[in-house]
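An overview of the molecular structure
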Amino acid sequence: MLLLLTLAFAEEQRYALVIGADQGSGEDHPLRFAEHDARRVGETLLDVGGVEAEDLVVLEGAQASDVRRSLAQLQKRLDSEVGPDDTALVFVYYSGHADSTALHLYGTELPLVELRTTVETLNAGVKLLVVDACQAGELLRRRGGAQVDPFEIEVAEALASEGMVVITSAAAGEDAMESDRLQGGVFTHHLVAGLSGGADRDADRRVTLEELYRYTYDRTLAYTTTAPVMQHPGFDVDLTGSAELVLSELGGRRTGRLELAEAGLY
């Protein structure tokens with residue numbers, strides 16, 4: 001079922017908590033690009049994701065207690081700033097080490113169940129949790145269901161989306177790759193590229209949740225095809241409402257120019 005209705009991007013207040021941790025715990029090998037990836041994601045959300053500078057928190061070199069404190073502070077802001085008739089979206093991103101039960105942050109651990117539950121209970125209409133870490137797929141729930149033939153639905157009014165979305169860089173039991181050539185995590189590289197326009201499949205200058213996930217999944221899987229372990233990004237969505245969730249709008253605050261020194265085929 002595909003509903004081609006879009007919630008007005010500007011009507012929604014957006015908040016983001018972005019976390020990067022190069023150092024894990026125990027025998028974790030230090031990462032090179034996790035904190036760099038967090039900065040890139042934060043910059044992208046400012047440029048095209050509808051997040052204002054005062055509503056973005058980027059944590060680098062943080063421990064589990066710092067993440068808990070930031071989530072608690074975010075909850076206080078949401079409680080004071082988001083009324084019953086307001087629409088709000090919270091974007092929480094993590095890049096770093098993890099295992100099947102917890103995130104690893106500079107010698108401390110944050111249980112995956114605690115992270116998901118805390119984000120899920122934030123006072124916002126939509127909560128989007130994105131985790132680029134090994135075995136991050138353990139965050140995904142398994143649900144029952146049955147496939148039926150497609151059918152059409154007519155909706156008189158676009159209803160705002162509400163609920164929780166989790167996107168992970170790898171399936172349960174899979175490793176998440178960093179790339180020296182990409183100077184970052186493979187999944188995050190394609191996530192940022194998708195938000196910045198690569199995922200805009202219908203060329204309407206808006207990137208929706210569905211477009212972003214399809215793009216990130218396809219590109220991450222293709223890039224890791226020749227790697228020792230292939231990455232299969234995971235997706236768990238529990239949203240109500242009839243409006244497509246727009247995650248970025250192109251033509252943001254920064255402009256760029258590319259100059260080619262020589263004529264030729266590029």
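In this section: the overall build of the protein chain. Scanning the protein chain for helices and strands turns up 5 helices and 13 strands. Considering the protein chain as a whole, with its 266 residues, one finds that 46% of them fall into the buried category. By sequence separation, contacts in the protein chain at least 24 residues apart represent 79% of the contacts at least 6 residues apart.

We now examine the packing of aromatic side chains. Counted by the stated rule, this structure contains 2 aromatic pairs. One aromatic cluster is present, built from ring pairs that chain together Tyr-213, Tyr-217 and Phe-235.

Moving on: the pairing of strand β3 (residues 88–95). The buried count for β3 comes to 8 of 8 residues, which makes it a mostly enclosed element. Residues Ala-88, Val-90, Val-92 and Tyr-94 of β3 are buried on one face, and the alternating residues Leu-89, Phe-91, Tyr-93 and Ser-95, pointing to the opposite face, are buried as well. The sheet contact formed by strand β1 (residues 13–20) and β3 spans 8 bridges and is parallel. Among the inter-strand pairings, Gln-13 is bridged to a residue of β3, identified as Ala-88. The pairing of β3 with strand β7 (residues 126–132) spans 7 bridges and is classified as parallel. When the bridges of β7 are listed, Tyr-93 appears paired with Val-130.

Let us now look at a nonpolar patch on the surface. Together, Leu-258, Leu-260 and Tyr-266 make up an exposed nonpolar region whose accessible area comes to about 410 Å². Looking at the secondary structure, you find Leu-258 in the segment after β13 (246–249). Judged by its relative accessible area of 74%, Leu-258 is exposed.

Grouped together as the largest cluster of nonpolar side chains are 32 residues, with contacts concentrated most on Leu-103, Leu-105, Leu-129 and Val-131. Of all the secondary structure elements, the ones that give two or more residues to this core are β1, α2 (64–81), β3, β5 (102–105), α3 (112–120), β7 and β8 (162–168). Take this core: its biggest share by element is 5 residues, from α2. Residue contacts for Leu-129: discarding those within four places in its chain leaves Val-92, Leu-115, Arg-116, Val-119, Leu-139, Met-164, Val-165, Val-166 and Ile-167.

A word on the packing of helix α4 (residues 186–198) against helix α5 (residues 209–223). When two helices pack together, their arrangement is given by the angle between the helix axes and by the axis-to-axis distance. Where α4 meets α5, the axes come as close as 9 Å, and the angle between the chain directions of the two elements is 140°. With respect to their mutual orientation, α4 and α5 come out oblique. Both α4 and α5 take part in a crossing whose hand is right-handed. Within the contact between the two elements, α4 uses Val-186, Phe-187, His-190, Leu-191, Ala-193, Gly-194, Leu-195 and Gly-198 and α5 uses Leu-212, Tyr-215, Thr-216, Arg-219, Thr-220 and Tyr-223.

What follows covers the confidence of the model for the protein chain. In the predicted model, the protein chain carries a mean pLDDT of 86, and the fraction of residues at 70 or more is 86%. Confidence drops under pLDDT 50 across residues 1–8; counting only partners more than four residues distant or on other chains, this segment forms 22 contacts.

The subject of this paragraph is the environment of Leu-182. With respect to the helices and strands, Leu-182 occurs in the loop between β9 (178–179) and β10 (184–185). Owing to a relative accessible area of 14%, Leu-182 belongs among the buried residues under this scheme. Each C-alpha atom, one on Leu-182 and one on Phe-33, is 9.8 Å from the other, the two residues being 149 residues apart in sequence. Ignoring anything within four residues of it in the chain, the contact list for Leu-182 reads His-189 and Tyr-223.

Phi angles above zero are rare outside glycine, and Tyr-106 is one such case at about 45°. Structurally, Tyr-106 can be placed in the loop between β5 and β6 (108–111). With relative accessibility at 26%, the residue Tyr-106 sits in the partly exposed group. Although it is not a glycine, Gln-135 adopts a positive phi angle of roughly 60°.

What counts, and at which threshold
Residues numbered from 1 in each chain as written. Predicted model: local features only at pLDDT ≥ 70, side-chain atom pairs only at ≥ 80, totals over all residues. Heavy atoms only, no water. Helix = DSSP H or I, 4+ residues; strand = E, 2+ residues; numbered from the N terminus. Buried < 20%, exposed > 50% of the residue type's maximum accessible area, 1.4 Å probe, protein only. Contact = heavy atoms within 4.5 Å. Phe/Tyr/Trp six-rings, centres within 6.5 Å; stacked < 30°, edge-to-face > 60°. Pairing = 2+ DSSP bridges. Patch = residues over 30% accessible without salt bridge, like charges linked within 9 Å, V, L, I, M, F, W, Y side chains within 5 Å. Areas by Shrake-Rupley, 256 points an atom, 1.4 Å probe, with all protein chains shown as cover. Salt bridge = Lys/Arg side-chain N within 4 Å of Asp/Glu carboxyl O. Core = buried A, V, L, I, M, F, W, Y, C linked by side-chain atoms within 4.5 Å. Axes fitted to C-alpha atoms, helices over the stretch in contact; angles between N-to-C directions. Parallel < 35°, antiparallel > 145°, perpendicular 65-115°, else oblique. Left-handed = near helix turned anticlockwise from the far one by under 90°. pLDDT = per-residue confidence, 0-100.

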